[in-house]
Amino acid sequence: GENVEQHPSTLSVQEGDSAVIKCTYSDSASNYFPWYKQELGKGPQLIIDIRSNVGEKKDQRIAVTLNKTAKHFSLHITETQPEDSAVYFCAANVFPGGSQGNLIFGKGTKLSVKP
Amino acid sequence: DTGVSQDPRHKITKRGQNVTFRCDPISEHNRLYWYRQTLGQGPEFLTYFQNEAQLEKSRLLSDRFSAERPKGSFSTLEIQRTEQGDSAMYLCASSLGRDGYTFGSGTRLTVV
């Protein structure tokens, strides 16, 4: 089955610096990799996703890169702000033509941005 | 569209009691998922519906758990004879086809 490892578990940066969170997955058939941000007391919120036919995707200060050969993908946040402080989760899954439809999540990274 | 709604937000129950949670997905979403999240962990998949059909269940979903989605609209998750190990956040998500899930805010269950 699919396994997703996420590092680091905690990350502290100064406001304005960049933050990078890395994930690896085990199933070479995985083809969809979303990233979620979870604030205290709230459900996970999708912030960016990437599919296996793309190597990089960017949305303002957030970017995701995917290396299919190495089976790892990363989240990059530039010019961090205090409101970026949250727990970030990566996930991966396979979406074949059949009925399977669930995401396997990493254990999360608690990002703290110090003003 | 108000997103995915879950009710209640919090539930405290005594061990051995039954509890039921409700999820109202985004109206046009045909897929609905239940996840469980314990402190310091990522969400873990429990079960998945496409319209009214329950297509997949995790090994985590013991016989004490049952989920329904009548008429392909809202869904309920029932836990019978609750145990302390059931204490967790229960998250519901919905999606249209294979694209990104939208999660609700969850129901936090505490079994005392």
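Refer to the structure printed above.
Rules used throughout
Along each chain, numbering runs from 1 in the same order as the chain's sequence is written. Throughout, the order in which chains and ligands are written sets their labels, letters from A for the former and numbers from 1 for the latter. It should be noted that, the model being predicted, local features are given only for residues of pLDDT at least 70 and side-chain atom pairs only at 80 or more, the latter also being counted only at that level, while totals for whole chains, interfaces and linings use all residues. Derived side-chain values reflect all non-hydrogen atoms in the structure, with water molecules and hydrogen atoms excluded from consideration. Each helix is a run of DSSP H or I of at least 4 residues and each strand a run of E of at least 2, with the numbering of both proceeding from the N terminus. Classification of residues uses two cut-offs on accessible area relative to the type maximum, computed with a 1.4 Å probe and protein chains only: under 20% is buried, over 50% is exposed, and between them is partly exposed. For Phe, Tyr and Trp, rings pair up if their centres lie within 6.5 Å, where Trp contributes its six-membered ring, and each pair is then called stacked (planes under 30 degrees apart), edge-to-face (over 60) or tilted (otherwise). Residue contacts are defined here by distance: any two heavy atoms, one from each residue, within 4.5 Å place the two residues in contact. Buried area counts how much accessible surface, traced with a 1.4 Å probe, disappears from two parts once they are put together, with both parts' losses summed. Under the rule applied, a polar contact is a pair of N or O atoms within 3.5 Å (in protein, one hydrogen donor and one hydrogen acceptor; residues adjacent in sequence only if both atoms are side-chain atoms). Note on residue categories: nonpolar means Ala, Val, Leu, Ile, Met, Phe, Trp, Tyr, Cys or Pro, charged means Asp, Glu, Lys or Arg, and polar means any other residue, Gly included. For this text, the term disulfide refers to a pair of cysteine sulfurs within 2.5 Å.

1. With respect to the environment of L75 of chain A
All names here are of chain A.
- As for its position among the elements, L75 is in strand β8 (residues 72–77).
- When its relative accessible area of 0% is taken as the criterion, L75 is described as buried.
- Taking C-alpha positions, L75 is 6.5 Å from K22, a pair spaced 53 residues apart along the chain.

2. Here's the deal with the packing of aromatic side chains
- Counted under the stated rule, the structure contains 17 aromatic pairs over all chains.
- Relative to F33 of chain A, the ring of Y25 of chain A lies with its centre 4.7 Å away and its plane at 45°, an arrangement referred to as tilted. The burial state of Y25 of chain A is the same as that of F33 of chain A; both residues are buried.
- Ring pairs connect the aromatic residues Y36, F89 and F105 of chain A together with Y33, Y35, F45, Y48, Y101 and F103 of chain B, which therefore count as one cluster.

3. A word on the interface of chain A and chain B
- Chain A puts 21 residues into the contact, and the matching count from chain B is 21 residues.
- When the two sides are added together, the surface that chain A and chain B hide from each other amounts to roughly 1700 Å², 49% of it contributed by carbon and sulfur.
- The tally of links between chain A and chain B comes to six residue pairs in polar contact (both at pLDDT 80 or more).
- Elements represented by at least two residues in the side of chain A that touches chain B include exactly β4 (32–38) and β5 (45–51) of chain A.
- Top element by residues in the side of chain A that touches chain B is β4 of chain A. It accounts for three residues.
- Partitioning the side of chain A that touches chain B into residue classes produces nine nonpolar, nine polar and three charged.

4. Considering the state of the cysteines
All names here are of chain A.
- Taken as a whole and assessed by the stated rule, the structure comprises two disulfides over all chains.
- Disulfide partner of C23: C90, at an S-S distance of 1.9 Å. Because the sign of the S-S torsion sets the handedness, a value of about -95° for the bond joining C23 and C90 places this disulfide among the left-handed ones. Taken as a pair, C23 in strand β3 (residues 19–25) and C90 in strand β9 (residues 86–92) lie far apart in primary sequence, 67 residues in all.

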